[in-house]
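Given next are the chains, with one letter for each unit.
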Amino acid sequence: MEMKNIDHLLHSFRDDLPDSSQTAAALDRGASLEEISELAEQEGFHKLASVLFEAEQEALREGSAAVEDPAIATDAFIQSIRGELPDSGKTAAAIDRGASWEEISELAEEEGLHQLASALFEAEQEQLRSPV
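Residues numbered from 1 in each chain as written. Predicted model: local features only at pLDDT ≥ 70, side-chain atom pairs only at ≥ 80, totals over all residues. Heavy atoms only, no water.

A. View of the overall build of the protein. Summing up its helical and strand segments, the protein has 8 helices and 0 strands in all. When the helices and strands of the protein are read in sequence order from the N terminus, they spell out α-α-α-α-α-α-α-α. Counting the 132 residues in the protein, one finds 39% classified as buried. Counting contacts in the protein only where the partners sit at least 6 residues apart, residues at least 24 apart contribute 35% of the total. For the protein, the computed accessible surface area is about 8,000 Å², with 52% contributed by carbon and sulfur atoms. (Helix = DSSP H or I, 4+ residues; strand = E, 2+ residues; numbered from the N terminus. Buried < 20%, exposed > 50% of the residue type's maximum accessible area, 1.4 Å probe, protein only. Contact = heavy atoms within 4.5 Å. Areas by Shrake-Rupley, 256 points an atom, 1.4 Å probe, with all protein chains shown as cover.)

Here it is, written out as structure tokens:
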């Protein structure tokens, strides 16, 4: 996904966001994809957050100095989400003890953390398709 495609996509999402939204404000000021994605997830704009996560992953894969191992990128994503989770949740506890992606994904789904669950599911599928 080229940057101009991402920009076009962001503008199309922006048109649907209320002006009072923090995500809309971040889009308007040209914030990083990571920040926009985090705000979108917090505000319940899961489709936008998911698209941005995919764009970030693709950018990591395409960059010449990119993380060679997508597992590292996925682990970094898990840790960034962890910072937003309450310590009392099952998902947070699983992340803290280094549980498998599959277990974290299942708990995330149970707790309504659909972006995390789907991102981990995709990462698991990608690992299964990629020869090690």
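Read on for the rest.
B. Structural view of helix α3 (residues 33-42). Within α3, the full set of buried residues consists of Leu33, Ile36, Ser37, Leu39, Ala40 and Glu41. One or two positions beyond α3, positive phi appears at Gly44, with a value near 85°.

C. Expanded view of the pattern of salt bridges. Tallied over the full model, the rule gives 5 salt bridges. A salt bridge links Asp87 to Arg82; the nearest nitrogen and oxygen atoms lie 2.7 Å apart. The partner of Arg82 in a salt bridge is Asp96, with the nearest N and O atoms 2.8 Å apart. Of this pair, Arg82 sits in helix α5 (residues 70-82) while Asp96 sits in helix α6 (residues 90-96); the two residues are 14 residues apart in sequence, bridging distant segments of the chain. Owing to a relative accessible area of 11%, Arg82 belongs among the buried residues under this scheme. Each member of the salt-bridge network shares a partner with another, and the members are Arg82, Asp87 and Asp96. (Salt bridge = Lys/Arg side-chain N within 4 Å of Asp/Glu carboxyl O.)

D. A look at the nonpolar core. Counting residues in each nonpolar core, the largest one holds 19 residues, and the members touching the most others are Phe77, Ile78, Ile95, Trp101, Ile104, Leu116 and Leu120. At the level of secondary structure, the elements contributing two or more residues to this core comprise α5, α6, α7 (101-110) and α8 (114-129). Residue contributions to this core peak at 5 residues, all from α8. Core analysis: the next-biggest nonpolar cluster, separate from the first, contains 15 residues, Leu10, Leu27, Ala40 and Ala55 among them. (Core = buried A, V, L, I, M, F, W, Y, C linked by side-chain atoms within 4.5 Å.)

E. Spatial organisation of the side chain of Thr91. Mapped onto the secondary structure, Thr91 falls in helix α6. Contacts of Thr91, omitting those with residues within four sequence positions, involve Leu85, Ile104, Leu107, Ala108, Glu111, Leu113 and Leu116.

F. The confidence of the model for the protein, seen in detail. On average, residues of the protein score 78 in pLDDT, and 83% of them reach the 70 mark or higher. Taken element by element, the predicted model of the protein shows its lowest mean pLDDT in helix α1 (residues 3-16) (70) and its highest in α6 (92). (pLDDT = per-residue confidence, 0-100.)

G. Structural context of the packing of α7 against α8. Where α7 contacts α8, the two axes come as close as 8 Å, and the packing angle between them is 155°. By the criterion of interaxial angle, the relationship of α7 to α8 is roughly antiparallel. α8 is crossed by α7, and the crossing has left-handed handedness. Contacts between α7 and α8 pair Trp101, Glu102, Ile104, Ser105, Ala108 and Glu109 from the former with His114, Leu116, Ala117, Leu120, Phe121, Ala123, Glu124 and Gln127 from the latter. (Axes fitted to C-alpha atoms, helices over the stretch in contact; angles between N-to-C directions. Parallel < 35°, antiparallel > 145°, perpendicular 65-115°, else oblique. Left-handed = near helix turned anticlockwise from the far one by under 90°.)

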